[in-house]
Amino acid sequence: MPYSVVVIDPGHGGEDIGTRGVAGTEEKTITLAIAQRVKTLLESSLGVRVVLTRSDDRRVSFDERAAIANNSRAGLFLSLHLNSSPNPASAGAEVIQLRQGRLAGGRGRVVDDESVALPAPGGTTRTVDLVRWETAQARHLDASAALAETLEAQLRTRVTMSARPALDLPLRVLPSVNMPAVVLEMAYLSNAGEEGLVQSDSYQDNIAQAIHDTVVQFSALAEERESR
Amino acid sequence: MTRRWLVLAGVAVVLLVLAGWAVSRALRPSEAPAEASAANTELVPPTAGVRHITATLFYAGSDGQSLVPVRQEIVLAEGVVPQGREIVSAQLLRPRSPYVSVIPEGTRLRAFYVTDRGDAFVDLSPEVTSRHPGGSTAELLTVYALVNSVTANLPTIRRVQILIDGQEADTLAGHIDLRNPLERDTSIIKRP
């Protein structure tokens, strides 16, 4: 496995409950439960370290989530959420990524990152990449698109997909993440049927297995790219 | 005799105090129109004789994942800023049946500004976030109903930034990035 660390980001937490189902199910509880299930599966079967941006019921800011991910030097970042719609019949999973035009308020191309030479012991210098916090995701957009495509294909064989399964939205959690990153909306809590489904072991296992297989496949793709 | 005069004087003083209270209450400035127009009131066309424009407002599509454009008569105002206020205020109101609003009930327009660069700032009351149902789809519809209604009806406005209670905000409900002004997005619009 080229990736020894994976970051799973359970959406919301603490006083930020996220969305709430008609029967009262809170998004923050389900995202944490599934994140913990994914962690157990990946660590036991792949031997990778899974970093959760929160492992209990507490609020974590967007920048904190990105910092946790960036400091872990992980191979990929996956944020878990549950959705809501004005139409209670809306259903299915969606994978969301950023595109170039969605970064930095859509102000055209993002300025390239810089490298600087810093003095090092022995009179030498070492080059350090300066990555802009607000647009760190810019250098990973192609890889994030590949990650989104892989995840969508893996989900499609296991759970119901939305009528618009792949989306490009200006999501707040993604711009500062310095690695391939996507958001997974696992189901609609505003749909009574899906609200019941997301609490079941079988659904949570299906999501965890789809993420497991995505990590395996995406890692293989990365390995292939590196060997070229 | 003195006692009767004292009683009468007392009654007169009480009456004067009551009259003063009533007059001061009647003269107190009324609340701003935007404050008074809560989103749970229904949008009605301007009365006959009032000059109006036909604006495009946006409501939930039948699939719950898109916006539908709806032509609606709203009051004509002189200038971009007053007209912007009328457009956003109309967008916040409950639409006529069968359309469904994507704006949380009770959301009010606090202020509407325009910069020289063609960016509009829409300042909304806290209900837009405190009463939001959450979920990226519902949030996307709320944000772009506002952004699209302003940009579709005011050609000089290119981008819209949403403020909450006078402050810049990260998001409405944890998903859509509001830190920068947003351009019009027609990808989520479906014709009815």
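A. Seen up close, the overall build of chain B. Counting secondary structure elements, chain B contains five helices and seven strands. Ordered by position from N to C terminus, the α and β elements of chain B give α-α-β-β-α-β-β-α-α-β-β-β. Expressed as a percentage of the 192 residues in chain B, the buried residues total 47%. Sequence-distant contacts in chain B: of pairs separated by 6 or more residues, those separated by 24 or more amount to 63%. On chain B, roughly 10000 Å² of surface is accessible, and the fraction owed to carbon and sulfur atoms is 57%.

B. Looking closely at the overall build of chain A. Check the secondary structure of chain A and you find five helices and eight strands. Helices and strands in chain A line up, N terminus first, as β-α-β-α-β-β-β-β-α-β-β-α-α. Counting every position in chain A, which comprises 228 residues, the buried fraction comes to 54%. Across chain A, the fraction of contacts at a sequence separation of at least 24, relative to all contacts at a separation of at least 6, is 77%. Accessible area for chain A stands at about 9800 Å²; split by element, carbon and sulfur atoms hold 49% of it.

C. Fine view of the side chain of Arg164 of chain A. Following the sequence through the fold, Arg164 of chain A ends up in strand β7 (residues 161-168). Residue classification places Arg164 of chain A among the buried residues on the basis of a relative accessible area of 16%. A polar contact of 2.7 Å, which involves the side chain of Arg164 of chain A, links it to the side chain of Thr137 of chain B.

D. Representation of the interface of chain A and chain B within the structure. On the side of chain B, 28 residues touch chain A, which itself brings 32 residues to the contact. Summed over both sides, the interface between chain A and chain B buries roughly 2200 Å², with carbon and sulfur atoms accounting for 45% of that surface. Across the chain A-chain B interface, the total number found is two salt bridges. One salt bridge connects Glu134 of chain A with Arg179 of chain B, and the closest N-O pair in it is separated by 2.9 Å. In this structure, the connection of chain A to chain B is made through 20 residue pairs in polar contact (both at pLDDT 80 or more). Secondary-structure elements contributing two or more residues to the side of chain A that touches chain B are β3 (76-83), β4 (93-97), β7 and β8 (181-188) of chain A. Here the side of chain A that touches chain B is built from residues that sort into 11 nonpolar, 12 polar and nine charged.

E. Highlighting helix α2 (residues 62-72) of chain A. Residue and element names in this part refer to chain A. What α2 keeps buried is the set Phe62, Arg65, Ala66, Ala69, Asn70 and Ser72. All buried residues of α2 fall inside an arc of 165 degrees around its axis, so they share one side. In this structure, the buried side of α2 is in contact with β1 (5-10), β2 (49-52) and β3. Arg73 lies just past α2 and shows a positive phi near 50 degrees.

F. Inspection of the pattern of salt bridges at higher detail. Residues and elements named next belong to chain A. Counted according to the given criterion, the structure contains 24 salt bridges over all chains. One salt bridge in this structure joins Asp57 and Lys28, with 3.0 Å as the shortest N-O distance. Taken together, the residues Asp57 in the loop between β2 and α2 and Lys28 in helix α1 (residues 27-46) connect sequence positions 29 residues apart. The class of Lys28 is buried, set by a relative accessible area of 9%. Between Glu152 and Arg156 there is a salt bridge, with the nearest N and O atoms lying 2.6 Å from each other. Of this pair, Glu152 and Arg156 both sit in helix α3 (residues 141-156), four residues apart, roughly one helical turn. On the basis of relative accessibility, which here comes to 16%, the residue Glu152 falls in the buried class. Exposure remark for Arg156: the relative accessible area of 46% places this residue in the partly exposed category. One connected set of salt bridges, linked through shared partners, spans Arg37, Asp201 and Asp205.

G. Spatial organisation of the environment of Ile157 of chain B. Within the secondary structure, Ile157 of chain B sits in the loop between α5 (136-153) and β5 (159-164). Each residue touching Ile157 of chain B, except ones within four places of it in the same chain, is listed here: Val80, Val114, Gly118, Ala120, Val150 and Thr151 of chain B.

H. Spatial organisation of the confidence of the model for chain B. The share of residues in chain B with pLDDT of 70 or more is 79%, and the mean pLDDT across the chain is 86. Across residues 22-39 of chain B, confidence stays below pLDDT 50; counting only partners more than four residues off in sequence or on other chains, it has 13 contacts.

Calculation rules
Residues numbered from 1 in each chain as written. Chains lettered and ligands numbered in written order. Predicted model: local features only at pLDDT ≥ 70, side-chain atom pairs only at ≥ 80, totals over all residues. Heavy atoms only, no water. Helix = DSSP H or I, 4+ residues; strand = E, 2+ residues; numbered from the N terminus. Buried < 20%, exposed > 50% of the residue type's maximum accessible area, 1.4 Å probe, protein only. Contact = heavy atoms within 4.5 Å. Areas by Shrake-Rupley, 256 points an atom, 1.4 Å probe, with all protein chains shown as cover. Polar contact = N/O pair within 3.5 Å; in protein donor to acceptor, adjacent residues only side chain to side chain. Buried area = accessible area lost by both parts, 1.4 Å probe. Salt bridge = Lys/Arg side-chain N within 4 Å of Asp/Glu carboxyl O. Nonpolar A, V, L, I, M, F, W, Y, C, P; charged D, E, K, R; others polar. Arc of directions from axis to C-beta. pLDDT = per-residue confidence, 0-100.

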